[in-house]
Structures are given as C-alpha cells and as structure tokens.
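# Structure assessment
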Amino acid sequence: MTDTTRREVLGWLAGLGVAAGAGLLAPGRADASAGVTALRGVTLVDSAGVRSGTTIVLAGDEVVAVGSRDLPLPRGCAVLDLAGRYVIPGLWDMHVHGAFLDRITLPLCLVNGVTGIREMWGFPPIYELRGRIERGEVLGPRLVVGSSIIDGPHSTLPGALIAGTPDEGRQAVRDAQAQGADFVKVYSYLDRPTLAAIADECARQAITFAGHCSNHVALGDASDLGQRTFEHVYGLPLATSTREAQLRQAIADLPLDPANSFAWFKQVLELERQATLSHSRGKAVRLANRLRRNGSALCPTLVAMRVYSSPADAFSDDARMKYMPAFYRDYWRDSLENWAPVTPREIRDQAEFFRRRQDQVAEMHAHGVEVLVGTDAGNPYSFSGFSVHDELHLLVEAGLSPGDALKSGTRNAAVQPGAPANLVVLDGDPLADIRNTRRIHTVLTRGRVLGPAERQRMLDEVEKAAREPMPPAVTTCC
C-alpha cells in the first residue's frame, strides 16, 4: 500500500466516523454502511484537475473519501460501477428568477445537475422555501436569495422598491437583512449618492450587494464601492470605450419620460452598443485589475442576452417549452416586443453587439476577473436548469476553455473529503466538448441518487405540473 493510498483509507475511515455519528451506519456494524455510496472507476474533473480511475465515497450528503479505483470499501456499501464516465461538481445558476414555482424550477434544476441557484428577487415565500429545502421538507438545490430589488426613481420594473435618497437606500438595506435576504439586489436607476449609501450600509450590516450596473454610476466606481457581481454585461462596454466620457454625457442628457422609462433604458443600451465600436484593450486591462482587486465578478447571462439580441420568434419553437407553465408562452412573446430587433439593420447590429459582448467577457476572464454562470431563468427562453448548459456553451464559444467554463459553472469547487456531496455523472468528457455536460447519467445531491429513471420521472412530473393553472401573480425580471 502506497502512502497516498494509506492516507485515502484513513480519510475514508474518518468519514465513516462522521457518518456513524449522524446515524448513517447500521447500529453495531462497523463493516456495514447503510447510507454510504461509492462511485467507482470514474474520471473526476474538478478544480484540482483530472483524475482517472477514481473512487468517490459519499455518506449522506457529504464526500468522505476520494481515492483510487481499488480503495477498500466496507460490506454493505452501495457501489455504482461507473467506469468510462465522468464526474463534475454540482453546477450553479447564479442568476435565477422563479424559484417560487417550486414544482417546476427546483426539479428542472436538479435533473440538469444544477445543485445550487441564486434567486435574484427575494420575498417572504422564497425565504420560507429556502428554509424548507434546508430542513429536507422539499427536495431542491441550495437556494441563495437576494433582497427585493432596490431601484431609483423612474424604474422600468413594476414592484421594485424605490430608493430615491441615501436615507431610503440605507433603510432598504436594513429591511432586507431583517427579512432574511442573503444579499442586497441593486438595479439600473440608482443614482450615485444612493448607491454609495447602500454600499456603506451593506458594509455596516455585513451583507453584500450585487445586481445591475447602474446607468448613473460607472462600473469601476460601483466595484470600488463594493458591488460583488455585475449582471448581463451592463456597463462593461461603456467602461472600456475610448468614448466613455462622451457617451456618459449623452446618457446624462437623455430626456426621460416617466410614463415610458423603458424608452430611456433602450437608448442607454444603444449607447452601450456604440461603445463596443470604440473598445480599448488598455482600458479593459485597467478595469480588469480594478475588478480583480475589489473581488468583483461578472455574471453575463449570455443566454438571455442572446435572446434579447435576436428576432422575437427566434426561439419560440424550443422543445423545452413543454416544461414551462402555459402563461410563459404569451408572457415571453409579449415581453420581447419591447426588446427584439425588427429591421434587417437592427438584426445585424444586435448580432454584432452580442458577439462583441461575448468577446469582452472572455477578455475580462483572460485578465483574471471571475466569471459566473447565470441564465436569467424565468425570462424569455431561458429555461431553469437546461439553460445552464447553454450558458456553458456560449462561454466556450466566447473564448473560455471548457475547463474554465466548468470552473465558472461549479464556482471552482473541488470534490474532496468534507465537501457537500453534490455531484453530476456524465456520459462524455466535458473537457473534450463542453456540450457533454448535457449528457447526464446521474445526479447526486442531499443524500439522493437521481439515476436515469428517477430523472425521467421528475421531468414527467414537471411536464404535468406545467399544464396545471399557475398563480396569477408571477414576476420575473432581468
């Protein structure tokens, strides 16, 4: 026995002690392991690299050992012989709406190997759902929940919490923490004094803030204030343009009709498109250094940005619509009327705008800025669970390697003793082709083994639930 193998066995034995303490082993049987599962003969792909011929031992919802194929196992251990298959850590979707549709969103995430989600608009029923999941009353991914969305006057978003002054911003932060938010969500219309007050109050209350880059605050400045993530690539084209000062002045001069604030928002997006035509690599490097120093990450949601940059009917025949509530078809079609390009020139311009934003995401990543996988699920043709794999593919298409895209999608997780047992077994090598993340054989999470038959049963249940009447008050957003 080599030293490495000996350490593996000792680590496994320590894990059994934990399992026994949690009541996972049969009483009085040190050589049996009810509740212990071994994945044998897999190729493990995680942040530590690639390890072939690996055995992973799980006790309940915890990894207790990772070793070689011949790692000794006790009698009674459930062994899944998975030679020729690949294992990755559970995936995360870092920008989701619709967790409250628990019979649809939660199972669709799990069957697609998404074992963690960040819900970007919190309210009491979702905080309650988070608790029910953690108590084991509902099977679902880990749920990180933001506050109610905090925005400035003239917000385009019905239902947003309006903070028009620094004092209102501070109170919104205090209310968010009292309600149980994991982070504060900020939006597009906050002015600089109010955003600065929100940032200061977040620091006082020891809670992070994330969300849109405000149209009134430069991305680098918001990062300096402490904003943790920036969604949808908003603000990045302006921050890396040689014409930034001129374009920001144009934004400041734009007339805003309170009765149609979305028109103002679309004009800002057009100025962002123009900004990509004067991109500066030097400014991009300086911005990347700033974001990296501040610990700010990008969550580009390329899946959603592609939809909004395409003709309205480009994705309407997607076969995955059968898993969506019936009202989504009309809601998604109607919401795209305000976004989608129509004329041939608009279609060409938006397609090029999307490609340039992809390039900028890859550029930021190349300079060390953290990129997170998020889909904006719940918005047009962004499907809970499924679209995480679309996002991984778009990141690779943008220029990230499959390995780097996987790290973005798994939050750089390592499969090691003590880690949560959130694992995805694949039938193909994701490093050879990122599309192999779709070829899911089994998902392991919360002590459950979701094999092919169980995953199909869950999909059938979602399809059935999607045909049932949905609650009348449903809100999604960017």
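Residues numbered from 1 in each chain as written. Predicted model: local features only at pLDDT ≥ 70, side-chain atom pairs only at ≥ 80, totals over all residues. Heavy atoms only, no water.

## Quick word on the nonpolar core
- Judged by nonpolar contacts, the single largest core of 106 residues is most densely connected at V184, M324 and M364.
- Looking at this core, the element that brings in the most residues is helix 9 (residues 261-276), giving seven residues.
- With residues up to four places along the chain from it excluded, the contact list for M364 reads L236, A284, L287, A288, L291, L298 and V369.
- With 14 residues, the next largest nonpolar core counts V42, L44, A421 and L444 among its residues. (Core = buried A, V, L, I, M, F, W, Y, C linked by side-chain atoms within 4.5 Å. Buried < 20%, exposed > 50% of the residue type's maximum accessible area, 1.4 Å probe, protein only. Helix = DSSP H or I, 4+ residues; strand = E, 2+ residues; numbered from the N terminus. Contact = heavy atoms within 4.5 Å.)

## Here we look at the pattern of salt bridges
- Under the defined criterion, the tally for this structure stands at 31 salt bridges.
- With its nearest N and O atoms 2.9 Å apart, the salt bridge here joins R130 to D182. Of this pair, R130 sits in helix 3 (residues 124-134) while D182 sits in the loop between helix 4 (166-179) and strand 11 (183-186), and the two are 52 residues apart along the sequence.
- According to the relative accessible area criterion, D182 is partly exposed, its value standing at 34%.
- A salt bridge links R174 to E201, with the shortest nitrogen-to-oxygen separation between them at 3.5 Å. Taken together, the residues R174 in helix 4 and E201 in helix 5 (residues 192-205) connect sequence positions 27 residues apart. (Salt bridge = Lys/Arg side-chain N within 4 Å of Asp/Glu carboxyl O.)

## Description of helix 13 (residues 344-366)
- Across its 23 residues, helix 13 extends 33 Å between first and last C-alpha, which sits within 8% of the 33 Å expected from 1.5 Å per residue.
- Restricting attention to buried positions, one finds in helix 13 the residues Q350, F353, F354, R357, Q358, Q360, V361, A362, E363 and M364.
- Tucked into the core, helix 13 has its buried residues touching helix 7 (236-239), helix 9, helix 10 (281-294), strand 14 (297-299), helix 11 (302-308) and helix 14 (386-398).
- Where helix 13 ends, the next residue or the one after it, G368, has phi of about 95°, a positive value. (Expected span 1.5 Å × (residues − 1).)

Any functional reading would require information that these geometric values do not contain.
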